[in-house]
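An overview of the molecular structure
Now for the letters of each chain:
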Amino acid sequence: MKFMKLGSKQDTFRSDGNNVRYVASELATDIAVTVGDVKFYLHKFPLLSKSGRLQNLVVSGIEENCNEVQISDIPGGPVAFEICAKFCYGMTVNLNAHNVVATRCAAEYLGMYETIERGNLIYKIDIFLNSSIFHSWKDSIVVLQTTKSMLPLSEELKVAGLCIDAIASNACIDVSKVDWSYTHNRRKLLEENGNDPNCNGVKSRPVPKDWWVEDLCELEIDLFKRVITSIKTKGILSHDVIGEALKAYSYQRLRGFSKGVIHSGDVGKCRSTVDTMVWLLPAEKGSVSCSFLLKLLKAAIVVGSGNMVREQLRRRIGQQLEEASVNDLLIRAAEGEDVMYDVDTVQKILKEFLMQEQTVEFESEECEIWEIQRPGILTDASKLIVAKLMDAYLAEISKDTNLPLSKFVDLAETVSYISRPSHDRLYRAIDMYLKEHPWIGKSERKRICKLMDCKKLSADACKHAVQNERLPLRVVIQVLFFEQTRAAAASSGSSTPDLPKALKNPNRGTRRSSRSAATDPEEWDAVSASEELKALRAELTVLRLNNGVGVSTKNGIDQAAIDKTKGAMKSKRMFTKIWSSKAARGENSGSDSSESLGSAKPEEAKSTPFRNRRHSVS
């Protein structure tokens, strides 16, 4: 730490132990100065030769025939006054980063200017600040911290502003000129190096660009804001370094921030910190991670930040949502809510992400309509990542038994237009919701299963689905069909066919009301359906066992492939027979049952002997 010694006399003030200070001298004192609860017995001449205020106070005392002066509002109190008084006597005074601001403000209060005497205290302190303190990284931070107790005079004297500018300038210097010992990382590096004789301590690795961020975490939020603003104004450091400073400050100043919660009794102070972090965020995308932004959003919700702060965070998160994880998105609902997680906020974030792909229209001066795309056009890869992220998020929030079906469906439908090669994640989410909400009715099950395209289920997912008693019966039949036809297509080299028309729209040719059909589950031929499904399962097993095995004919055609293709066509007739007989009875008539799983609402039959034999393996 830098210091400055003023004066040469070794004399000092003495105390009698009762808040009385005096100068040991052969000359009797002729003035008493009371500062706060401390009384100083001094001599007029050395004081009046350097202090304009004391000159005025003493003159006023003489007119009133009084040799005692009262000073109650001097900055720094008795300690700062004693330093000024020692300077007047020519005694040795040590100035350092801890006392220089208080002394400077006290000297200003006492009027110790150059016009009173050349080389006065104010002049000497200003030289010390500009030549020593402001060139020292650590001392500049210490001095800046001490300016808070000297407000508003420290601001009027521009000491705080000069400190902030000095800190910002030091943070922006070339790292090759930085002494590594200035940072808190020095101890960490020494611990990592251990007792390695070949390691020369902190010089063993280069200084990073963000070497200064941990030191600034010592500042209060208002001073930190001013320093970061000054650094950004200089435009030298990259935006990601600024982002690292914000991250370090948040983790250190907000207890529990790393876990998405805030542990502090002073909610107002935490709110100020969170709002300031959001205000200081660099405009550049990627300056901070999406995970950090989501932690800020969680903190903003906990401390009650305003809508503008939350909206800005949601917009920033939406711009880089593909970087998020499921745990990041699990935002706890507010107290008093029935649901466990704040799904509405995630929905808003998702919409912000998708809005990047929207176009904006504007009218030119020639009244022509121009259409431009917003910056940050979404790539197919980023959309696929987010779609998979939402599927995984849906599976996690489905564990909440109080989650309304509408929130689940709305969120899933928002990304439904994004093509995914597999719907396994979505199937898992749907199955989890059905498992945790066994009481939902037939229409709700149809609605949620409509989100899934069973043609995009893997073999393992299909195996699980055909044994899943939570799914509507139509879903199971469709999965069986696609699995069977996929096995046949794999052996024949053909593509997977679509569903038979009777399965896609089994109610053709009937005009009965779907409402009346839904109320009569006995119209489903349980025995016939069970036998047909058993036959399909058996055929599927045979196809799997014989896959790739066949006898070549003289024409070079795989006879086994032909047989399996015929089997697929036979299966189509089975499905057609099942659903056509059902349609003839009017069980599936109506608009809500005319759609297939991938693009419509599946129908669930009531409990049947077949359905009672199916079991879940989840």
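Refer to the preceding data block for the structure.
Note that the structure is predicted; figures quoted are calculated from it, not measured.

This part takes up the packing of aromatic side chains. The geometry of an aromatic ring pair comes down to the distance between the two centres and the angle between the two planes. The full count for this structure, using the stated rule, is seven aromatic pairs. Through a chain of ring-to-ring contacts, three or more aromatic side chains come together here, namely Y251, F257 and F292. Here R53 stacks its cationic end above the ring of Y109, 3.9 Å away from the centre of that ring. Lying across the ring of W279, K225 places its NZ or CZ 4.3 Å from the centre.

Of the two faces of strand β5 (residues 38–42), the one holding V38, F40 and L42 is buried and the one holding K39 and Y41 is not buried anywhere. Summarising the sheet, strand β3 (residues 20–23) and β5 pair through three bridges and their orientation is parallel. In the sheet register, Y22 faces β5, and the bridge partner there is Y41. Bridge analysis of strand β4 (residues 31–35) against β5 gives five bridges, and the strand direction is antiparallel.

This next bit is on the nonpolar core. With 157 residues, the main nonpolar core has L42, W212, L216, I231 and L321 as its most contacted residues. If near-sequence neighbours (up to four positions away) are discounted, W212 is found in contact with W137, A171, I228, I231, L237, V241 and A245.

What follows covers the pairing of β4. β4 sits mainly inside the fold: five of its five residues count as buried. Burial along β4 is two-sided: the residues I31, V33 and V35 and A32 and T34 are all buried. The antiparallel pairing of β4 with β5 creates a hairpin that spans two residues between the two strands, and G36 there sits at a positive phi of about 65°. In the sheet, β4 pairs with strand β6 (residues 68–71) via four bridges, with the strands oriented parallel. By the bridge assignment for β6, T34 is matched with Q70.

With respect to the helices, strands and loops of the structure, T273 is situated in helix α13 (residues 267–280). With relative accessibility at 6%, the residue T273 sits in the buried group. Sequence-distant contacts of T273, defined by excluding residues within four places in its chain, comprise I221, Y249 and L254.

Contact pair helix α18 (residues 380–397) / helix α20 (residues 424–436): the axes reach a minimum separation of 8 Å and the direction vectors enclose 20°. Taken together, the axis directions place α18 and α20 in an arrangement best described as roughly parallel. Of the two elements, α18 crosses α20, and the hand of that crossing is left-handed. In contact with K388, D391, A392, L394 and A395 of α18, α20 contributes R425, L426, R428, A429 and M432.

We now examine the pattern of salt bridges. Throughout the structure, instances matching the rule amount to 17 salt bridges. For D344, the salt bridge is made with K407, and the minimal N-O distance between the two is 2.8 Å. Linking D344 in helix α17 (residues 343–355) with K407 in helix α19 (residues 405–414), this pair joins segments that are 63 residues apart in sequence. Two residues, R470 and D431, come together in a salt bridge whose shortest N-O distance is 3.0 Å. Placement of the pair is R470 in the loop between α22 (459–465) and α23 (473–492) and D431 in helix α20, with a sequence separation of 39 residues. Of the two residues, R470 and D431, neither departs from the other in class, the shared state being buried.

What follows covers unusual backbone geometry. Look at the link from L151 to P152: it is a cis peptide, with omega at 0°. Assignment of secondary structure puts P152 in the loop between α6 (137–146) and α7 (153–156). The backbone of K158 shows a phi angle near 65°, a positive value even though the residue is not glycine. Mapped onto the secondary structure, K158 falls in the loop between α7 and α8 (159–171).

Another aspect to go through is the sheet that holds β3. Reading across from one edge, β2-β3-β5-β4-β6 is the order of the five strands in this open sheet, with mixed pairing throughout. A strand with exactly one partner marks an edge of an open sheet, and here the two such strands are β2 (13–15) and β6. Averaged over neighbouring strand pairs, the angle between their axes works out to 25° when direction is ignored. Helix α3 (residues 77–89) rests against β2, β3, β4, β5 and β6 of the sheet, and its axis sits at about 10° to β5.

This part covers α6. With respect to burial, α6 is a largely interior element, eight of its ten residues being buried. Regarding α6, the residues found buried are W137, D139, S140, I141, V142, V143, L144 and T146. Residues of α6 that are buried sit in contact with α4 (100–110), α8, α10 (213–216) and α11 (221–234).

It is worth spelling out the environment of I221 at this point. On the secondary structure map, I221 appears in helix α11. Looking at I221, the relative accessible area reads 12%, which means it is buried. Separated by 51 residues in the primary sequence, I221 and S272 place their C-alpha atoms 7.8 Å from one another. Sequence-distant contacts of I221, that is, excluding residues within four places in its chain, are made with Y249, S272, T273, T276 and M277.

Axis separation between α3 and α4 bottoms out at 9 Å; the angle between their running directions is 70°. What the angle tells us is that α3 and α4 run roughly perpendicular. Only A102, T103, A106, A107 and L110 of α4 make contact with α3, whose side of the interface consists of A80, F81, I83 and C84. Tallied by class, residues from the contact of α3 with α4 come to eight nonpolar, one polar and no charged.

Each value, and the rule that gives it
Residues numbered from 1 in each chain as written. Predicted model: local features only at pLDDT ≥ 70, side-chain atom pairs only at ≥ 80, totals over all residues. Heavy atoms only, no water. Phe/Tyr/Trp six-rings, centres within 6.5 Å; stacked < 30°, edge-to-face > 60°. Lys NZ or Arg CZ within 6 Å of the ring centre and 35° of its normal. Buried < 20%, exposed > 50% of the residue type's maximum accessible area, 1.4 Å probe, protein only. Helix = DSSP H or I, 4+ residues; strand = E, 2+ residues; numbered from the N terminus. Pairing = 2+ DSSP bridges. Core = buried A, V, L, I, M, F, W, Y, C linked by side-chain atoms within 4.5 Å. Contact = heavy atoms within 4.5 Å. Axes fitted to C-alpha atoms, helices over the stretch in contact; angles between N-to-C directions. Parallel < 35°, antiparallel > 145°, perpendicular 65-115°, else oblique. Left-handed = near helix turned anticlockwise from the far one by under 90°. Salt bridge = Lys/Arg side-chain N within 4 Å of Asp/Glu carboxyl O. Nonpolar A, V, L, I, M, F, W, Y, C, P; charged D, E, K, R; others polar.

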